[in-house]
Amino acid sequence: MARMSISDVVRTLPANRMVFEVRRDMALIKRWKDDLEGLMADYGLSDEEKDAFRRQDLKKMADIGVHPYFLTQITRLYHGSARNDKTSAAAQAYIKALVETK
């Protein structure tokens, strides 16, 4: 089960720094889309972090300590932020990964 508490955030996790910086910088957003592997390497993500991002595995990201607020930001980075409502591709990816039960 994914951890979703602020108390479970690993503040020193490279993935948290990466998402914090990327989400508001258009040049880094472009790099996310064009060269995620290089971006992850530059931020020093562990193999476990890289794997979670490659697979867009929000549950794994939560489990390893990615800030819960960033999980929605990550879906926007992957799926865009247009039509920012519950029917958007980003919202649907979040719901599928973390809300729906199997």
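Look above for the structure.
Residues numbered from 1 in each chain as written. Predicted model: local features only at pLDDT ≥ 70, side-chain atom pairs only at ≥ 80, totals over all residues. Heavy atoms only, no water.

## A word on the overall build of the protein
In terms of regular secondary structure, the protein is built from seven helices and zero strands. Counting from the amino terminus, the protein carries its helices and strands in the arrangement α-α-α-α-α-α-α. By residue count, 39% of the 102 residues in the protein fall in the buried class. Look at the contacts in the protein between residues 6 or more apart in sequence, and 54% of them connect residues 24 or more apart. About 6100 Å² of surface is accessible on the protein, with carbon and sulfur atoms providing 52% of the total. (Helix = DSSP H or I, 4+ residues; strand = E, 2+ residues; numbered from the N terminus. Buried < 20%, exposed > 50% of the residue type's maximum accessible area, 1.4 Å probe, protein only. Contact = heavy atoms within 4.5 Å. Areas by Shrake-Rupley, 256 points an atom, 1.4 Å probe, with all protein chains shown as cover.)

## Quick word on the packing of aromatic side chains
Tallied over the entire structure, the rule returns four aromatic pairs. A centroid spacing of 5.8 Å and a plane angle of 80° characterise the contact between Trp-32 and Phe-53, whose relative ring orientation is edge-to-face. Residue Trp-32 is found in helix α2 (residues 26-34), and its partner Phe-53 is found in helix α4 (residues 47-54); the two are separated by 21 residues along the sequence. Of the two residues, Trp-32 and Phe-53, both sit in the buried class. Connected via pairs of aromatic rings, a cluster forms that spans Phe-20, Tyr-69 and Phe-70. (Phe/Tyr/Trp six-rings, centres within 6.5 Å; stacked < 30°, edge-to-face > 60°.)

## Considering the environment of Arg-55
Within the secondary structure, Arg-55 sits in the loop between α4 and α5 (58-64). Side-chain polar atoms of Arg-55 contact the side chain of Asp-57, separated by 3.0 Å. (Polar contact = N/O pair within 3.5 Å; in protein donor to acceptor, adjacent residues only side chain to side chain.)

## A look at the side chain of Thr-75
Turning to its location among the elements, Thr-75 is positioned in helix α6 (residues 68-79). A polar side-chain atom of Thr-75 sits 2.7 Å from the main-chain carbonyl oxygen of Thr-72. When residues no more than four places from it in sequence are discounted, the contact partners of Thr-75 are Leu-58, Gly-80, Ala-90, Ala-93 and Tyr-94.

## Remarks on α6
Relative to the 16 Å expected for twelve residues at 1.5 Å per residue, α6 spans 18 Å between its end C-alpha atoms, a close match to the ideal helical length. Among the residues of α6, Pro-68, Phe-70, Leu-71, Gln-73, Ile-74, Thr-75 and Leu-77 are the ones counted as buried. Lining the buried residues of α6 we find α1 (14-22), α2, α4, α5 and α7 (89-99). Where α6 terminates, the next one or two residues include Gly-80, which has phi positive at roughly 90°. (Expected span 1.5 Å × (residues − 1).)

## Focus on α4
Three- or four-residue spacings in an α-helix give side chains the same orientation, since the helix completes a turn every 3.6 residues. Buried residues of α4: Glu-49, Lys-50, Ala-52 and Phe-53, and no others. Along the axis of α4, the buried positions cluster into a sector of 160°, meaning they face one direction only. Buried residues along α4 sit against α1, α2, α3 (36-43), α5 and α6. With its phi angle positive at about 55°, Gln-56 sits one or two positions after the end of α4. (Arc of directions from axis to C-beta.)

## Remarks on the pattern of salt bridges
Side chains that differ in sign of charge can pair as their charged atoms come close. Per the counting criterion, the structure on display carries eight salt bridges. The shortest N-O distance in the salt bridge between Glu-21 and Arg-17 comes to 3.3 Å. Taken as a pair, Glu-21 and Arg-17 lie in helix α1 at a separation of four residues, close to a single helical turn. Of the residues examined, Arg-17 reaches a relative accessible area of 45% and is grouped as partly exposed. (Salt bridge = Lys/Arg side-chain N within 4 Å of Asp/Glu carboxyl O.)

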